[in-house]
Amino acid sequence: MNKDKDKDEILEDEVVDIQPEEVSEKDVQEEEQDDEITLEDQIAFKEARIIELEKDVEEHKANYLRKHADFENFRRRMLKEKSDSIKLANESLITDLIEVIDNFDRALTSASDNKDFDSFKEGIEMIEKQFKGMLSSNWGLSRIESVGKEFDPQIHEAMFMEDSDDVEVSTVSEEFQSGYMLHDKVLRAPKVKVKKPTEA
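Residues numbered from 1 in each chain as written. Predicted model: local features only at pLDDT ≥ 70, side-chain atom pairs only at ≥ 80, totals over all residues. Heavy atoms only, no water.

Undergrad: Could you clarify how one ought to interpret the side chain of N103 in this entry?
TA: Its location among the elements puts N103 in helix 2 (residues 25–114). Setting aside residues no more than four positions away along its own chain, N103 makes contact with I127 and Q130. (Helix = DSSP H or I, 4+ residues; strand = E, 2+ residues; numbered from the N terminus. Contact = heavy atoms within 4.5 Å.)

Undergrad: Help me out: how do you make sense of the packing of aromatic side chains in this one?
TA: How two aromatic rings sit relative to each other is set out by the distance from centre to centre and by the angle between their planes. Under the definition given, this model contains 1 aromatic pair. Ring geometry for F160 against F176: centres 5.6 Å apart, planes inclined by 75 degrees, an arrangement best described as edge-to-face. Residue F160 is located in strand 2 (residues 157–164), and its partner F176 is located in strand 3 (residues 171–177); the two are separated by 16 residues in the primary sequence. The partly exposed category is assigned to F176, whose relative accessible area is 41%. (Phe/Tyr/Trp six-rings, centres within 6.5 Å; stacked < 30°, edge-to-face > 60°. Buried < 20%, exposed > 50% of the residue type's maximum accessible area, 1.4 Å probe, protein only.)

Undergrad: Mind showing me how you'd approach the sheet that holds strand 1 (residues 141–144) here?
TA: Within a sheet, neighbouring strands are paired by backbone hydrogen bonds and run either parallel or antiparallel to one another. Read across the sheet, 3 strands follow the order 1-4-5 without closing on themselves; strand pairing throughout is antiparallel. One side of each edge strand has no neighbouring strand; the edge strands of this open sheet are strand 1 and strand 5 (185–188). Taken pair by pair, the neighbouring strands of this sheet meet at an average axis angle of 40 degrees, ignoring direction. Bridge count for strand 4 (residues 179–182) against strand 5 is 3 bridges, and the pairing is antiparallel. (Pairing = 2+ DSSP bridges. Axes fitted to C-alpha atoms, helices over the stretch in contact; angles between N-to-C directions.)

Undergrad: I'm lost on a nonpolar patch on the surface in this one. Help?
TA: On the surface, F71, F74 and M78 cluster together into a nonpolar patch covering about 280 Å² of accessible area. Counting through the fold element by element, M78 comes out in helix 2. (Patch = residues over 30% accessible without salt bridge, like charges linked within 9 Å, V, L, I, M, F, W, Y side chains within 5 Å. Areas by Shrake-Rupley, 256 points an atom, 1.4 Å probe, with all protein chains shown as cover. Salt bridge = Lys/Arg side-chain N within 4 Å of Asp/Glu carboxyl O.)

Undergrad: Is there a simple way to explain the confidence of the model for the chain in this structure?
TA: When pLDDT drops low, the exact placement of atoms in the prediction is not to be read closely. A residue-level look at the chain finds 81% of positions with pLDDT of 70 or above and a mean pLDDT of 84. Here residues 14–20 is modelled with pLDDT under 50, and outside its nearest four sequence neighbours on either side it reaches 0 contacts, counting other chains as well. (pLDDT = per-residue confidence, 0-100.)

Undergrad: Sorry, what's going on with the nonpolar core here?
TA: As a rule of thumb, soluble globular proteins bury nonpolar side chains together. V100, A107, I127, M134, L135 and L141 form the largest nonpolar core, which has 6 residues in total. Among the secondary structure elements, those contributing two or more residues to this core are helix 2 and helix 3 (117–139). Element by element, the count of residues in this core is highest for helix 3, at 3 residues. Excluding its chain neighbours within four sequence positions, the residues that come into contact with A107 are F120, I124 and I127. (Core = buried A, V, L, I, M, F, W, Y, C linked by side-chain atoms within 4.5 Å.)

Undergrad: Explain the side chain of S164 here, please?
TA: Summarising the element assignment, S164 is placed in strand 2. For S164, the contacting residues outside a window of four places in its chain are K195, K196, P197 and T198.

Undergrad: What should I look at first to understand the pairing of strand 6 (residues 191–197) in this one?
TA: The side chains of a regular strand alternate between both faces of the sheet. Here 7 bridges tie strand 2 to strand 6, and the two strands are oriented parallel to one another. From the neighbouring strand, S164 faces strand 6, where its bridge partner is P197.

As structure tokens, then:
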């Protein structure tokens, strides 16, 4: 019995020992003060973060404006170079044409002095040959040979079409206006008359 009584007393002591301690008003105030300091720290941290982000935004904005200005300068430079290239190309063409004009001047002077039509005609033919050769070799311009060729609506412009028993496929029989290619592009389509096979 004494042993059981001692056990009960120990249990009662243990129960008493684990009772919560009394919290004083002073402790509550200190905890509240700690919470307030933490909140202030958080606000200060967030304000510092905002300042940092604003600085980043300003840097990115400055970078964007700098790159935009660089791009605009590049674009203007490219446009100027393109314009200069066109001017230089025209300059080269004009230089070539001046030589042809010089030859015409010489031919006309010679014709007025000589009055020889055959010589004049021969001189004009030489100038035409030189002119066409220059346009072909220097500028990629070539005449489209049409008469006797198969009619191609991608190349030729048919002004007239007539039925004929002489052809098996539509064929250019006459040319009213010459056509020209600039490199691989039709610059001007030849105006032609076309014979097409008679339908049975």
